[in-house]
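Observations on the model geometry
Residues per chain are reported as follows:
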Amino acid sequence: MKILVCIKPDVSGKEIGPFESLALEAGLNIKESGLGAGTDSSRVDVITAGPPEWREIIGRAFGMGADRGVHVLTESDPSGLVPASVTAELLVGAVAGLEEKSQYDLILFGVMSQDLMAGQTGPMVAEHLGRPVITAGVRIESMDTRLEVQREWEGGVRETLDMPFPCVVTIQPGFFKPRYPRLSNMLKAKDKPIVKLIPRDIPKPKESFLETVLPQKTRAGRIISGSSKDQVQAFNEFLRERALL
Amino acid sequence: MNPIVVVAEVREKSAGKNAVRPVTWELIAAAKKIQAMVRDGVGEEIGKDQSPPDIYILVPAQNPLAPAREIARSTGLCTIALAWPFPVTPETLKQGLSTELVALDPGFLLFAHTALGREVASGLAVRLDGIMVSGVTHIRTDLEGLVFLRPVMDNRQVLCVRTLNKHLTVLTLVPGVFGKDAPRGMEGKEPFEPGSVSVREVAQTSLSPVLVQRSKSGKARGSTDFGSAKIVVAMGRGIGEKENLDKVFEFSNRLPGAVVGASRPLVDQGWIEYSRQVGITGATVAPDLYIACGISGSTQHLAGMAGSKWVISINKNPDAPICRHSDLCIQADLNEFIDTFLESQ
């Protein structure tokens, strides 16, 4: 089983994003429990497409147990946010090269990144590669020739589906609990080579990110600080004045 | 002018008793908003078009006729019922829509930011060489054209996105923010005629699903009656330890008519039952008073409680997004606040 997990940092820039951590955990689970566990043929690779600083999260992925790291190098973007369509194309380009010998059976993503929050990269990569995709997968299990995916719908409804390999799944919270990176693994990983890929050209997006602003205020937002006694008094007054009790 | 195409969501029930999902009316309201913005000539480029773009509503379902008629009747818009050979799935929706969309050649394609829309829209955008903007919460115009706003940075900021004019733009719109009023016809034309309804059979041969459904659970178990609650005391990640759940329940018990709710992370962690979840993937509540305890305020949560009459948040961090949507932001350690409150009673 060859698994590729696409990762990206959280908003702090230092840790693997929370949803990508779930995806990596899901991948490691399959490697550890599935058929061919522990053999050379069973492998979890991680890939990230971003500036040199993102190397750090590949180290953390090694700490969690990833076997191989791939870094598609881009220059630091001062605004920090890159359209998902660009990331998807960079990843697809890299995957084509990485799959020259054999395909990844499973490519995993977080349900979205913490910074861009778009949830587009996974389904876009799947479309480019012509592979089936399930988004919002809560739980996945390998059944030898197929993947069993439990996905979530509105209202807490869960659906279990069979998916043929090769395929793409994006993972969201609800079952997996990411393990902490182990220091011993991270130290060992210092010698692990990271495959560096330098894209020939960066795809030009058809959308432009203009600016980021603070969310619109929809209510007064009167801030009550001070002692907890004063705060409770303000709270009680608010309820009394509006006859909420 | 390329049309605006809305993909309606229909709840498919047995025996052909289908219902238009409320989010569909919001999509239509947003489509009309975009239509008006284009008609009023925002920006030089868009303004050159004198005639506003048409709106088409696609209704994909196994039995789409009744919901399509309902939409055409209450909006006056041209509605296309797409008869699926089996219940609609995200996988087959992507396959079946692409043929239809190539023919319609839309300028804007609108989906709901729901489990279905999120899964289908991005792939279709790639297939149709469109620009994808997901999770849109606001649309406005500036001198150059339309600008789409969407949350970023863990909901702490909002990103303004511009797409190329004259290029397909695919949007997923967050439910609960575009107005739920059943839309009316074009201004100045009321009372309007019902829109036309055409029916197209989607051939089984045009769909090639590889995913196989094994099972589907019904609604999550447990029931929380938010409907009659005057006050909802909701808690989030900021409560810290699991032991603090009891404290929030104690707090709620002192407020007559209060019911305890929660944000998604606590439900995902298994700390509290699903039926208490407030947000897009949980319950929508509209009590007289909503008290958000240790909730940072994700878009998905805000959409579930925005209709509350009054909102008080109790949070350590005054920069948390929830503060911008609260009447009162109590900047406090939740435990300390509740302890003091209980003592004051």
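**Details of the overall build of chain A**
- Along chain A, the regular secondary structure elements total six helices and 11 strands.
- By principal-axis analysis of the C-alpha atoms, chain A measures approximately 70 × 40 × 40 Å.
- Within chain A, buried positions represent 46% of all 245 residues.
- When contacts within chain A are restricted to residue pairs at least 6 apart in sequence, those whose partners lie at least 24 apart make up 68%.

**What about the overall build of chain B?**
- Helices and strands together make up the secondary structure of chain B, namely nine helices and 18 strands.
- In summary, chain B has a C-alpha radius of gyration of 22 Å against a globular reference of 20 Å for 345 residues, a match within 12%.
- Principal-axis analysis of the C-alpha atoms places the extent of chain B at approximately 65 × 50 × 40 Å.
- Relative to its full complement of 345 residues, chain B shows a buried share of 52%.
- Look at the contacts in chain B between residues 6 or more apart in sequence, and 64% of them connect residues 24 or more apart.

**With respect to the nonpolar core**
All names here are of chain B.
- Grouped together as the largest cluster of nonpolar side chains are 174 residues, with contacts concentrated most on V6, I57, V59, L110, A234 and C293.
- Considering each element in turn, this core owes the most residues, eight residues, to helix α1 (residues 22–39).
- Apart from the residues lying within four places of it in its own chain, the contact partners of V6 are L27, I28, A31, I55, I57, L58 and L110.

**Re the interface of chain A and chain B**
- In this complex, chain A contributes 62 residues to the contact, which on the side of chain B involves 66 residues.
- Among the elements of the structure, α4 (121–129), β5 (133–143), β7 (158–164), β10 (207–213), β11 (222–224) and α6 (228–241) of chain A are those that each provide at least two residues to the side of chain A that touches chain B.
- Where β10(A) lies against strand β10 (residues 157–163) of chain B, six bridges are found, and the strand directions are antiparallel. Its bridge partner being in β10(B), A:F209 is matched across the sheet by B:V161.

**Describing the packing of helix α4 (residues 90–104) of chain B against helix α5 (residues 115–127) of chain B**
Residue and element names in this part refer to chain B.
- Packing of α4 against α5 leaves a shortest axis separation of 9 Å and a crossing angle of 40°. The hand of the α4/α5 crossing is right-handed. Two secondary-structure elements touch here, α4 through P90, L93, K94, L97 and S98 and α5 through L116, E119, V120, G123, L124 and R127.
- Looking at side-chain class alone, the contact of α4 with α5 contains six nonpolar, two polar and three charged residues.

**Remarks on the sheet that holds strand β8 (residues 167–171) of chain A**
- As summarised here, the arrangement of the 10 strands in space is β9(A)-β3(A)-β2(A)-β1(A)-β4(A)-β8(A)-β5(A)-β6(A)-β7(A)-β13(B), forming an open sheet in which the pairing is mixed. In the strand order of this sheet, the two ends are held by β9 (194–197) of chain A together with β13 (212–216) of chain B, each with one partner. Averaged over all adjacent pairs, the angle separating strand axes in this sheet is 30°, with direction ignored.
- Bridge count between β5(A) and β8(A): three bridges; the pairing is parallel.

**Quick look at α6(A)**
- Over its 14 residues, α6(A) runs 20 Å from end to end, which matches the ideal 20 Å to within 8%, given 1.5 Å per residue.
- Those residues of α6(A) that are buried are in contact with β11 of chain A together with β17 (310–315), β18 (328–331) and α9 (334–344) of chain B.
- Where α6(A) terminates, the next one or two residues include A:A243, which has phi positive at roughly 50°.

**Topic: the environment of A:E75**
- With respect to the element layout, A:E75 can be found in the loop between β3 (68–73) and α3 (84–98).
- Given 9 C-beta atoms within a 10 Å radius, A:E75 is considered exposed.

**Comments concerning helix α2 (residues 55–64) of chain A**
Residue and element names in this part refer to chain A.
- For α2, the buried fraction is high: seven of the 10 residues fall into the buried class.
- Considered for burial, the residues of α2 that qualify are I57, I58, R60, A61, F62, G63 and M64.
- Looking at the buried side of α2, the elements it contacts are α1 (18–33), β2 (43–50), β3, α5 (183–189) and β9.
- Looking one or two residues beyond α2, the residue adopting positive phi is G65, at roughly 125°.

**Examining the sheet that holds β10(A)**
- Taken in spatial order, the four strands of this open sheet run β10(A)-β10(B)-β9(B)-β8(B), and their pairing is antiparallel. Both outer strands of the open sheet, β10 of chain A together with β8 (138–142) of chain B, are each paired with one neighbouring strand and no more. Strand-to-strand twist in this sheet, taken as the mean axis angle between neighbours without regard to direction, amounts to 30°.
- With five bridges joining them, strand β9 (residues 145–152) of chain B and β10(B) adopt antiparallel strand pairing. Paired with B:F148 across the two strands is B:V161, which belongs to β10(B).
- The sheet contacts of α1(B) involve β8 and β9 of chain B, and relative to β8(B) the element is tilted by about 0°.

**A few points about the packing of α3(A) against α4(A)**
Residue and element names in this part refer to chain A.
- Where α3 contacts α4, the axes come no closer than 9 Å and their chain directions differ by 45°. Taken together, the axes of α3 and α4 are oblique relative to one another. In this structure, α3 meets α4 at a crossing whose hand is right-handed. Across the interface between the two elements, A84, S85, T87, A88, L91, V92 and V95 of α3 pack against T121, M124, V125, H128 and L129 of α4.

**Topic: the domain arrangement of chain B**
Residues and elements named next belong to chain B.
- Segmenting chain B into domains produces domain 1 (4–206) and domain 2 (231–344).
- When each unit is reduced to the centre of its C-alpha atoms, the spacing between domain 1 and domain 2 is 33 Å.
- Contact with domain 1, which involves nine residues of that partner, is made by seven residues of domain 2.
- Considering only residue class, the side of domain 1 that touches domain 2 consists of four nonpolar, four polar and one charged.

**Side note on the pairing of β5(A)**
Residue and element names in this part refer to chain A.
- Among the 11 residues in β5, eight count as buried, and that is most of the element.
- One ladder, built from six bridges, connects β5 with strand β6 (residues 146–152); its direction is antiparallel. What sits directly across from I140, in β6, is V149.
- Hairpin geometry of β5 and β6 is characterised by an intervening segment of two residues between the two adjacent antiparallel strands and by a positive phi of about 70° at D144.

Criteria and cut-off values
Residues numbered from 1 in each chain as written. Chains lettered and ligands numbered in written order. Predicted model: local features only at pLDDT ≥ 70, side-chain atom pairs only at ≥ 80, totals over all residues. Helix = DSSP H or I, 4+ residues; strand = E, 2+ residues; numbered from the N terminus. Buried ≥ 20, exposed ≤ 12 C-beta atoms within 10 Å, placed from the backbone. Contact = placed C-beta atoms within 7 Å. Rg over C-alpha atoms; globule rule 2.2 N^0.38 Å. Core = buried A, V, L, I, M, F, W, Y, C linked by C-beta atoms within 7 Å. Pairing = 2+ DSSP bridges. Axes fitted to C-alpha atoms, helices over the stretch in contact; angles between N-to-C directions. Left-handed = near helix turned anticlockwise from the far one by under 90°. Nonpolar A, V, L, I, M, F, W, Y, C, P; charged D, E, K, R; others polar. Expected span 1.5 Å × (residues − 1). Parallel < 35°, antiparallel > 145°, perpendicular 65-115°, else oblique. Domains from an automatic or database assignment.

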